[in-house]
Amino acid sequence: MSQSFRLGNVGLINRDKKLSFKFNGVTYNGYEGDTLASALLANGVHLVGRSFKYHRPRGFFGAGVDEPYAIVQLYRNGETEPNIKATEQELFEGLEATSVNCWPNVNFDIGAINNFLKIFLPAGFYYKTFMWPKSFWYKVYEPFIRKAAGLGVASPKHDKERYEHKYEYCDLLIAGSGPSGLASAYAAAKNGARVILAEDKARHGGTLLTSDVNIGNQSGKEWADRIISELKEMPNVVVKNRSQVFGYYDHNMLVMSERISDHLPKTKKFHPKQRLWYIRAKEVLISSGSIERPIVFGNNDTPGVMLSSAAKEYLKVYGVLVGRNPLIFTNNDSGYETAIEFKKNQIDPIILDTRKDPQSEIVDEAKNLGINIKFSYVVVAAQGYKKVKSADIAKISDDKEQLGAIENIKCDCICVSGFWTPTIHLASQSGNKTKFNEDIDAFVPGTSKQNETTLGAANGSYALDETLKSSFETGYELSKKITNNDNKITLPNVVEKKSTTHDKFWCVPLPDGKNYKRFLDFQNDVAVSDVEIALKEGYRSIEHVKRYTTLGMATDQGKTSNLNGLQLVSNIENKVVPNVGHTTFRPPYTPVSIGAIVGREVGKHSKPTRKSPMHSWHEKNNAVFVDAGVWLRPRYYKQGNENLFEGSKREAKNVRTNVGVCDVTTLGKIDIKGPDAAELLNRVYTNAWLKLPVGKARYGVMLREDGIVMDDGTTTRISENHYHMTTTTAQAANVLSHLEYYLQLVWPELNVNVVSSTEQWAGAAIAGPKSRDLLQKLFPNSDVSNEGLPFMGYTEGDLFGVKARIFRISFSGELAYEVNVESDNGNFMWEKIMEVGEEFKIQPYGTEALSTLRIEMGHVAGSELDGRTIPYDNSLEGLLSKKKDFIGKRSLTREAFTSEDRQKVVGVVPLDKKTSIPEGSHLVKDSNAPLPNPKLGYISASCWSVEHDNPFSLAILKNGKNMIGEKLFVMSPLKNKVIPVEIVSSHYVDPKGERVRS
Amino acid sequence: MLYIKCPYCGMRSQNEFSYGGDATVKRPELGTEVSDQDWDNFVYNRKSLRGKHWELWQHLSGCRQWIKVERDTATHEIFKTLKASEEVS
């Protein structure tokens, strides 16, 4: 198809580069510099979608961020993306897009039947209709509504594109590069301020690109180009296009999304698709301009009805005629500018002006050009279904209530201008108390809460000379405050046509006997009648009206509809608009892709991965890894075709019979130094610490203030005032914060320092009956006999030239040691242990065998110390000192914690000694009891006991103390299992603890 | 995202800090008799104030110091920050 609506020579597009693209399967041509919208309009395509509720045909209404209809599904480089505004999407070679919200296609949409049923779809229809019967919602209503509605589909595939986050600081962030943005950025930059200037469109300049003005003897566009190129050269300025500042958060933190590759057929190698900027600005200048507002009339959603400023932009920027027979419907001078541009390109527009006799330079110019102007005229209704074919027009009385005789005139588009609404979204998000400006019938920013200033049209100032003057001044003053520089630049001379006041007219009355739909909110299909119903039904607060009718909701956020909605409510309620108030503007101002929000924290990058120094050895030896917090730990070392169960059983058995070695580097380690170190330990641990001798370790339990167990571990006295604390892997960070809290805030008088040393030490646990023989060979010069290094003893040794710390502690319940060396020597230590251990049949063991060993020994760990249990529950009550106070002690006297039938850890064995018990299962007395079956406890950890060769579990059981020997049932509705079990002691192996002391 | 002045490191973004609750709560001294009511008040009962509020933050990803921050819970305005050792006035 040829671009039959493209003008010969007008516009800023690159006519040397022709691009081909597809819309709804049809191939068209456009040029580089087009948007999808301008390229479609150049080809005469106006029908782009169906409306949300009634599935009425919809076209283009705006030319940028304000577009409520033209939302398409985009296909780019094998991916698809919904919710793309055709007016923002720049054209690239091979672009493909389809309409959304229509089925089976945009020309024949079955849902359009809603349009004829519209009497049945009034405001709140969904609330009223789909409530009953309740069961219908999932099965009938929701699937049907989902199929019929919706604005596109998300891709189910993994997004291969790269998105980045960036943090930036600046003196001034300027949102919008129209006249006020350029002027303030220039003034501030010349005065030495660090400036970020952001523009959401591809081209800088805003209205300067389309208005007929002269600044310092240059056209508006030439001036804008010059300022931008100067700013780009300055080292203290960052100029960004395709970048939308969409959110204004606390303490002058703003977020901006930069579309880096969306305008290209494919993202360049090593480039991100989009980048999210978190910008902390000392001062924010909001120069976001204004959006033209529609006048409400019958069928004002017909394709071909659009904002007059959009028609002008399509013409001047893209060289595209939105029609050859345009009707301009205006209540102010802006519509005339559009008409004059048409006229300059040999198109004869007709202007309908609601005003009776406006006097201004621009009206005179239109008259002199011989444009047909009808004063005191309105469009009553657009005619045509998929495209405007004609308009019913009429004279309107001076009081704007009576329509004269209806005339029908031919036209192929209706360009509407109902004056301008400042874009106050960012100011409002910052907490600014907006105020109503009677002169422009719109809200403008009022008192700032944060360091922000709104300039130009966004502040309701529409005259260019005024805007430039105040913007230069503001840029200078704010930068002076920050930089203390005093370079003031002179204001250029501005030539512009003076305009006169607008007419406060916003809604055309219905003619007698006609019931045209008059839309307020185009994106959400909210018509005048819907708001009338809502008010009739008693909704008063504008926030309630919004939610009931959906006025101003969704991705549009009321950009074009907000004020007309308020006007309507205020008319019906007989209030003035400021008393109705406006709804809250919420970020994001425009939709932001999920990818940009997530950034690079995707998949395995969603958290850091920590690896022990021995990681590569584990990899080489077929370790199967498991996530332990942010650590990667070997779960088991696979031999042949072994599965997890077989492998971990073999490893655990080898520990019980020979010797095993486990990487325990991940354990949290805290280095504690100072004369009051023992006192600190004595206060945070439940047991006594003051008399621990040098060279000895002790097991300790820490509570929270509420008496719940926080963590456990061993702490060793390395020297007089030096202790080495270990924590569980998961709680390492919390324990350090906990100690810092007490040292800094509660007991500042204690002379102690704590610091994390987790990553400074590599650790290997050597466990099993042959571990002492191995240790003796590793440390031939140390006395590691039972007398020389007894249980809970500590010594330092020489491991083939490497200094090592040796702790005789055990988690497996076997005779065991833990050897620590500086991290850099971790791999050396590991290889030596494996080499020397060969004759003792050493095998490495992973976390699964580690768990098995501790479970059958009845050592509690994370699954029992789960933030819900007290020491008694874990059979740790023997560690509660009666002589001293400690953190959490007072809470242990609470009634529930001291009750006779308090829960306690027990062992659980299936009666058949075969069936494995799922973790998380419930323990009940009677498996056939009616639901809800009273729960007596839960399975916290399960293993296959290698000692007894049958399944064994730990459980937290009510009245556990008196339940040993009882027969109960384990129930797991998730796994559909009922298992008869016997309750036994939690110490299933070596209950007297003889092995660790042997 | 809040911008908090650490008394040791200067202005830092909120994501370097962790929140630590009411800064005016005093832990009863170890070894003293505490009534059930007082203990409950210390462990559990907190006022959810609207307005100025002294609270604790820890500069977790910075100097690791616990600091006191006077913040308006409704507007997020921060009036003053203090070191742990400094008394709330």
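The numbering scheme is per chain: residues are counted from 1 as the chain's sequence reads. Here the convention is simple: chains get letters from A, ligands get numbers from 1, in the order in which they are written. Side-chain atom pairs in this predicted model are given and counted only at pLDDT of 80 or more, local residue features only at pLDDT of at least 70, and totals for whole chains, interfaces and linings cover all residues. The basis for the side-chain values is all heavy atoms of the structure; hydrogens and waters are excluded.

Q: Quick question: what am I supposed to make of the overall build of chain B here?
A: Helices and strands together make up the secondary structure of chain B, namely 1 helix and 6 strands. Where helices and strands are cited, they refer to DSSP runs of H or I of at least four residues and of E of at least two residues respectively, numbered from the N terminus. Going residue by residue from the N terminus, the α and β elements of chain B occur as β-β-β-α-β-β-β. Once the C-alpha set of chain B is aligned to its principal axes, its extents read approximately 40 × 25 × 25 Å. A total of 89 residues make up chain B; the buried ones form 37% of that total. We get accessible surface area from the Shrake-Rupley algorithm with a probe of 1.4 Å; when it comes to residues, only the shown protein chains can shield them. Put simply, chain B shows about 5,100 Å² of open surface, and 45% of that area lies on carbon and sulfur atoms. Here the positive residues are Lys and Arg and the negative ones are Asp and Glu; neither His nor the chain ends is included. Lysine's charge is taken at NZ, arginine's at CZ, aspartate's at CG and glutamate's at CD. Here chain B carries 13 positive and 13 negative side-chain charges, and the mean point of each set is 7 Å from the other. With a 1.4 Å probe rolled over the protein chains alone, any residue whose accessible area is under 20% of its type maximum counts as buried; one over 50% counts as exposed, and the rest are partly exposed.

Q: It is not clear to me how the overall build of chain A should be interpreted in this structure. Could you clarify?
A: Within chain A, the secondary structure is distributed over 24 helices and 50 strands. Burial analysis of chain A (998 residues in total) assigns 58% to the buried set. We call two residues in contact whenever any of their non-hydrogen atoms come within 4.5 Å of each other. Residue pairs in contact within chain A that sit at least 24 positions apart in sequence constitute 66% of those at least 6 positions apart. Taken as a whole, chain A presents about 41,300 Å² of accessible surface, with 52% of it coming from carbon and sulfur. When the 125 positive and 117 negative side-chain charges of chain A are each reduced to one mean point, those points stand 3 Å apart.

Q: When you look at the sheet that holds strand β18 (residues 326-330) of chain A in this model, what are you seeing that I'm missing?
A: Sheet strands associate in pairs through backbone hydrogen bonding, adopting either a parallel or an antiparallel arrangement. Residue and element names in this part refer to chain A. Within the open sheet, the 5 strands sit side by side as β17-β24-β18-β19-β20. Their pairing is parallel. Across the chains shown, the open sheet's two edge strands, defined by having one partner strand only, are β17 (305-307) and β20 (372-375). Mean inter-strand twist for the sheet, computed between neighbouring axes without regard to direction, equals 20 degrees. Two strands qualify as a pair provided that DSSP identifies no fewer than 2 bridges between them. Only C-alpha atoms enter the line fits that serve as axes; for helices the fit covers just the stretch in contact. Angles between N-to-C directions range over 0 to 180 degrees.

Q: Mind showing me how you'd approach helix α6 (residues 220-233) of chain A here?
A: In an α-helix, one turn spans 3.6 residues; hence positions three or four apart end up facing the same way. All names here are of chain A. In a regular helix each residue adds 1.5 Å, so 14 residues correspond to 20 Å; α6 covers 20 Å between its end C-alpha atoms and thus fits that length. Among all positions of α6, only Gly-220, Trp-223, Ala-224, Ile-227, Ile-228 and Leu-231 are buried. Taken down its axis, α6 places every buried residue within 130 degrees of arc, on the same side. Of the exposed residues in α6, the ones pointing more than 90 degrees away from its buried face are Lys-232 and Glu-233. Considering only its buried residues, α6 is in contact with α5 (179-190), β9 (195-198), β10 (214-215), β11 (218-219), β12 (237-240) and α11 (464-483). By this rule, a helix spans an expected 1.5 Å times one less than how many residues it contains. Picture the helix axis, draw a direction to every C-beta atom, and the arc is the one those directions span.

Q: Can you help me understand the packing of helix α7 (residues 308-318) of chain A against helix α8 (residues 334-344) of chain A in this one?
A: Helix packing for two helices is described by the angle between their axes and how far apart those axes are. All names here are of chain A. It is at 9 Å that the axes of α7 and α8 come closest, and there the two elements cross at 30 degrees. By the angle class used here, α7 and α8 are roughly parallel. With respect to the hand of their crossing, α7 and α8 are arranged in left-handed fashion. Contact residues: α7 offers Ser-308, Ser-309, Ala-311, Lys-312, Leu-315 and Lys-316, while α8 offers Ser-334, Gly-335, Glu-337, Thr-338, Glu-341 and Phe-342. Taken together, the residues of the contact of α7 with α8 break down into 3 nonpolar, 5 polar and 4 charged. Here the angle decides the label: under 35 degrees means roughly parallel, over 145 means roughly antiparallel, 65 to 115 means roughly perpendicular, and every other value means oblique. The handedness criterion is simple: a crossing whose near helix is rotated anticlockwise from the far helix by less than a right angle is left-handed, and one whose near helix is rotated clockwise is right-handed. Three classes are used: nonpolar for Ala, Val, Leu, Ile, Met, Phe, Trp, Tyr, Cys and Pro, charged for Asp, Glu, Lys and Arg, and polar for all others, with Gly counted as polar.

Q: In this structure, what is going on with the pattern of salt bridges? I would like to understand it.
A: It is possible for side chains of opposite charge to pair when their charged atoms get near one another. Residues and elements named next belong to chain A. A side-chain nitrogen of Lys or Arg and a carboxyl oxygen of Asp or Glu constitute a salt bridge if their distance falls within 4 Å. Applying the stated criterion across every chain yields a total of 63 salt bridges over all chains. Salt-bridge contacts for Arg-58 lead to Asp-525; the nearest nitrogen and oxygen are separated by 2.6 Å. Taken as a pair, Arg-58 in strand β4 (residues 57-58) and Asp-525 in the loop between β30 (519-521) and β31 (526-527) lie far apart in primary sequence, 467 residues in all. Each member of the pair, Arg-58 as well as Asp-525, carries the same accessibility label: buried. A salt bridge links Lys-488 to Glu-473; its shortest N-O distance comes to 3.6 Å. Separated by 15 residues along the polypeptide, Lys-488 in the loop between α11 and β29 (494-495) and Glu-473 in helix α11 bring together distant segments of the chain.

Q: Just checking my understanding: could you explain the sheet that holds strand β21 (residues 377-383) of chain A for this structure?
A: Residues and elements named next belong to chain A. Spatial ordering of the open sheet is given by β21-β22-β23, a layout of 3 strands whose pairing is antiparallel. The open sheet has two free edges, formed respectively by β21 and β23 (407-410), since each of these has just one partner strand. Neighbouring strand axes in the sheet, compared pairwise and without regard to direction, differ in orientation by 35 degrees on average. By the bridge criterion, 6 bridges tie β21 to strand β22 (residues 390-395) in an arrangement that is antiparallel. Counted as the bridge partner of Gln-383 is Ser-390 from β22.

Q: Hey, could you run me through the interface of chain B and chain A in this one?
A: As a measure of interface size, the accessible area lost when the parts come together is often cited. With 27 residues of chain B in contact, the opposing surface of chain A contributes 29 residues. Reported buried area values correspond to the accessible surface (1.4 Å probe) lost by two parts on association, with both partners' losses combined. Interface of chain B and chain A: buried area, both sides summed, is about 2,300 Å²; carbon and sulfur atoms make up 52% of it. Seen at the junction of chain B and chain A, the total is 3 salt bridges. A salt bridge links Glu-705 of chain A to Arg-27 of chain B, with the shortest nitrogen-to-oxygen separation between them at 2.5 Å. Each polar contact in these results corresponds to two N or O atoms within 3.5 Å; when the atoms are within protein, one needs to be able to donate a hydrogen and the other to accept it, and residues that are neighboring in sequence are counted only if both atoms are side-chain atoms. Our count for the contact surface shared by chain B and chain A stands at 18 residue pairs in polar contact (both at pLDDT 80 or more). By residue class, the composition of the side of chain B that touches chain A is 14 nonpolar, 8 polar and 5 charged.

Q: Explain the side chain of Glu-814 of chain A to me, please; I cannot follow it from the model alone.
A: You can see Glu-814 of chain A is positioned in the loop between β42 (802-807) and β43 (816-822). Those residues in contact with Glu-814 of chain A that sit more than four places away from it in its chain are Val-655, Arg-656, Gly-768, Pro-769, Arg-995 and Val-996 of chain A.

Q: So what exactly am I meant to see when it comes to the environment of Glu-161 of chain A here?
A: All names here are of chain A. Along the chain, the position of Glu-161 falls in the loop between α4 (136-148) and β8 (163-175). Judged by relative accessible area, which is 17%, Glu-161 ranks as buried. Expressed as a C-alpha distance, the spacing of Glu-161 and Ser-261, which sit 100 residues apart in the sequence, is 9.9 Å. Of the polar contacts made by the side chain of Glu-161, one reaches the side chain of Arg-76; its length is 3.0 Å.

Q: Would you take a moment to explain the domain arrangement of chain A for this structure?
A: Residues and elements named next belong to chain A. Note that domain bounds follow an automatic or database assignment of domains. Here chain A is partitioned into domain 1 (14-133 + 141-148), domain 2 (163-290 + 422-495), domain 3 (294-418), domain 4 (514-573) and domain 5 (899-997). The interface is formed by 25 residues belonging to domain 1 together with 20 residues belonging to domain 3. In this structure, the connection of domain 1 to domain 3 is made through 2 salt bridges. Note that Asp-301 and Arg-58 form a salt bridge whose closest N and O atoms lie 2.9 Å from each other. Here domain 1 and domain 3 share 7 residue pairs in polar contact (both at pLDDT 80 or more) between them.

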